[in-house]
Amino acid sequence: QVQLVESGGGLVQVGGSLRLSCAASGRTFSRYGMGWFRQAPGEDRQFVAAIPWSGGTIYSTDSVKGRFTISRDNAKNTVYLQMNSLKPEDTAVYYCAATERGGLYSRISTYAYWGQGTQVTVSS
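Below, the structure is looked at part by part. Just so we're clear, the structure is a prediction, and the values are computed from it rather than from any experiment.

What follows covers the overall build of the chain. Secondary structure assignment for the chain yields 0 helices and 11 strands. N-terminal to C-terminal, the α/β element order of the chain is β-β-β-β-β-β-β-β-β-β-β. Overall size of the chain, expressed as C-alpha extent along the three principal axes, is 40 × 25 × 25 Å. Contacts in the chain between residues at least 24 apart in sequence constitute 57% of all its contacts with a sequence separation of at least 6. Of the accessible surface of the chain, which amounts to about 6,500 Å², a share of 45% is contributed by carbon and sulfur atoms.

Laid out in structure tokens, this is it:
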């Protein structure tokens, strides 16, 4: 069982930056693939980025690549999402998720564990 707690959301102006954190419980964090998703009001939950346990990073291609960076610190059991050059369309609740078995990291069903989410609001 893994518990995930997101933090770092808030209100920011267009062009600003935020860094989201997701702290995970448990001693085997390094074996989990981690992902970030977001959900805007009235829309489906959408993949943002992932970092497999084996290394490398994966980003949604159109909306965030070049602006967002996912990283992890296994010593701190934490995954981060650095968000730069924020746009109003980035406004959403951001969720982190964890998977033990890997697979298609952009797929919601790949992940067994989810945090409660943190709100990010970008004002114009």
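More follows now that the structure is in view.
Moving on, we get to unusual backbone geometry. The backbone of Asn77 sits at a positive phi, close to 55 degrees, despite the residue not being glycine. Following the sequence through the fold, Asn77 ends up in the loop between strand 7 (68-73) and strand 8 (78-83). Positive phi, close to 50 degrees, is recorded for Ser85, a residue that is not glycine. Within the fold, Ser85 resides in the loop between strand 8 and strand 9 (92-99).

It is worth spelling out the environment of Ser54 at this point. Tracing the backbone through its elements, the reader meets Ser54 in the loop between strand 5 (46-51) and strand 6 (58-59). Sequence separation between Ser54 and Gly102 is 48 residues, and the spatial gap between their C-alpha atoms is 9.5 Å.

Let us look at the environment of Val79. The topology assignment puts Val79 in strand 8. Along the backbone, Val79 and Ala97 are 18 residues apart, and their C-alpha atoms lie at a distance of 9.8 Å. Apart from residues lying up to four places away in sequence, Val79 is in contact with Leu20, Ser21, Cys22, Phe29, Met34, Trp36, Ile51, Ile70, Ser71 and Arg72.

Attention now goes to the pattern of salt bridges. What the rule picks out here adds up to 2 salt bridges. Among the ionic pairs, Asp90 bridges to Arg38, the shortest N-O distance being 2.9 Å. With Asp90 in the loop between strand 8 and strand 9 and Arg38 in strand 4 (residues 33-39), the pair connects residues that are 52 residues apart, well separated along the chain. In this structure, Arg67 and Asp90 form a salt bridge, with 2.8 Å as the shortest nitrogen-oxygen distance. One end of the pair, Arg67, is in the loop between strand 6 and strand 7; the other, Asp90, is in the loop between strand 8 and strand 9, with 23 residues separating them in the sequence. As far as burial versus exposure is concerned, Arg67 and Asp90 are alike and both buried. Put simply, Arg38, Arg67 and Asp90 are held in one network by salt bridges that share partners.

Take the environment of Ser63 next. Take Ser63: it is sitting in the loop between strand 6 and strand 7. Put simply, Ser63 and Ser106 are 43 residues apart on the chain and 14 Å apart in space, counted from C-alpha to C-alpha. At 3.1 Å, the side chain of Ser63 forms a polar contact with the side chain of Ser60.

Thresholds applied
- In every chain, residue numbers begin from 1 and rise along the written sequence.
- Where local features are concerned, this predicted model is filtered to residues with pLDDT of at least 70; where side-chain atom pairs are given and counted, the filter is 80 or more; whole-chain, interface and lining totals use all residues.
- Neither water nor hydrogens contribute to the side-chain values; these are computed over all heavy atoms in the structure.
- Helix and strand assignments come from DSSP, with helices taken as H or I runs of at least 4 residues and strands as E runs of at least 2, each series counted from the N terminus.
- The criterion used for residue contact is that any of the two residues' heavy atoms lie within 4.5 Å.
- Here the accessible surface of atoms and residues is derived via Shrake-Rupley with a 1.4 Å probe, and residues count as covered only by protein chains that are part of the display.
- Within this document, salt bridges are pairs made up of a side-chain nitrogen of Lys or Arg and a carboxyl oxygen of Asp or Glu, the two lying within 4 Å of each other.
- Type-normalised accessible area, obtained with a 1.4 Å probe on protein chains alone, sets the label of each residue: buried when under 20%, exposed when over 50%, and partly exposed for intermediate values.
- Definition of a polar contact: a pair of N or O atoms within 3.5 Å, with one able to donate and the other able to accept a hydrogen when the atoms are protein atoms, and with sequence-neighbouring residues admitted only if both atoms are side-chain atoms.

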